Amino acid sequence: MGACGSKPKKKKSISDSLSEERLKHDAFARRESNSTANGFQKTSTTVVRTSVQNNRLVSTRTTQSVSISGSDPLMRPSISGKFVQQEAISTGFSPGHVSLQTKSRPPYNPVYKSLAISSPTPSAIHYGTKGGADKYDLGKKAYAVVLHQHKFKNAGQNREGSEKDMDKINSFFENYRIDKKIHVNKTAADVRYVMDNIARQNFSNYSCLIIIIMSHGLMNDQIAAFDGETYGFEEDIVEKCTSNRTLDGKPKLFIVQACRGDSTMTTDSKKTQSKKSDVLTFQSTYKGFVALRDTQKGTFFIQNFFDLLDEHRGKDISLINKHLNRVFSQKGITQNPTMTSTLARDLIFGDLRIP
């Protein structure tokens, strides 16, 4: 032990020397030369850099040569270059253990043009269309979600005859390129969970989305679930679909069979956030009115809607509501189906039909 109880100085090990070396800046040397001949300006730059990497002494030599022809920097016809990098890598610190590695990169040959920038014309931009902007492209399959509520915790609210509507929908889907997911008698929390998944799902391989809802309804488009609780059509259904970016530019079709309250019923409505583009909604009745259901044959709205959709599949789907109201009037059905649309193009449902 040394004087005053201090320990004798310990000789630095190689690893300690390495640690000190890492605290210093990497050592490098730079050399640059310029020359001009036959209208070409040649610049050569050589950089030698020495550093410690992973307990190895690495010496890197980088040489870059660039030849420039022409005098106007904005209109240079060509630039040619060569880039060679050499690394001297040592596994220790003895010069006798140094190996040389050479890496060559492809020539750098950009072509300089004028600064004029061309932008695509509006006619060249198509969102969800093919062969023009007059109709939506339904070349890919559609994806459908059915929320079918025909039984409730309170059995007195059961919707007798609604199974006939489900049979009609399944029969219709058999003739069209549609992947469907059916959810039966779900609670309000279940419905929100389903729609949260829709908000996150990737619909890149589908051309459109179809949501079908069959249940009891209240004012401001509140819809009843199995447990007697309600969920909002706009905030819990539509908003989840329009907020999904993989559905941008694609039609989103909503078909709702539900009463819409009466003059004595009211609920709070909530604001939604996403832009409601390419949305088409069919609802079984006018706001504030009930929707009729035959306990033996199903609802007038669902049964007639899918019959007319198949019959007029070669025309724009937005015409269906006019046909629906005409048929209801002819049959003496005191109910007025409604439609709201933000579609930008024709939606021809026949494009989804199986050949």
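Residues numbered from 1 in each chain as written. Predicted model: local features only at pLDDT ≥ 70, side-chain atom pairs only at ≥ 80, totals over all residues. Heavy atoms only, no water.

A. Structural view of the packing of aromatic side chains. All chains considered together, the criterion is met by 13 aromatic pairs. Between the aromatic rings of F172 and F349, the centroid separation amounts to 5.8 Å while the plane-to-plane angle is 40 degrees, which identifies the pairing as tilted. Taken together, the positions of F172 in helix α2 (residues 162-173) and F349 in the segment after β15 (338-341) put the pair 177 residues apart, joining distant regions of the chain. The two residues F172 and F349 agree in class, both being buried. An angle of 90 degrees between the planes, with centres 5.8 Å apart, marks the rings of F233 and F254 as edge-to-face. Of this pair, F233 sits in helix α4 (residues 233-242) while F254 sits in strand β11 (residues 252-257), and the two are 21 residues apart along the sequence. Clustering of aromatic rings is evident, with ring pairs tying together F172, F173, Y176, F282, F301, F305, F306 and F349. Here the guanidinium or amino end of R345 rests over the ring plane of Y136, the centre of that ring lying 5.7 Å away. (Phe/Tyr/Trp six-rings, centres within 6.5 Å; stacked < 30°, edge-to-face > 60°. Helix = DSSP H or I, 4+ residues; strand = E, 2+ residues; numbered from the N terminus. Buried < 20%, exposed > 50% of the residue type's maximum accessible area, 1.4 Å probe, protein only. Lys NZ or Arg CZ within 6 Å of the ring centre and 35° of its normal.)

B. Spotlight on the nonpolar core. Counting 35 residues, the largest nonpolar core has I210, I212, I255, F305, F306, I317 and F349 as its most contacted members. The set of elements that each furnish at least two residues to this core consists of β6 (142-148), α2, β8 (208-214), β11, β12 (279-283), α5 (300-311) and α6 (320-331). The greatest single-element share of this core, amounting to six residues, is contributed by α5. (Core = buried A, V, L, I, M, F, W, Y, C linked by side-chain atoms within 4.5 Å.)

C. Looking closely at the environment of F306. For F306, the location among the structural elements is in helix α5. For F306, a relative accessible area of 2% translates into the label buried. Spatially, the C-alpha atoms of F306 and D165 are 9.7 Å apart, while their sequence positions differ by 141 residues. Sequence-distant contacts of F306, that is, excluding residues within four places in its chain, are made with K168, I169, F172, I212 and I255. (Contact = heavy atoms within 4.5 Å.)

By themselves these figures say nothing about function.
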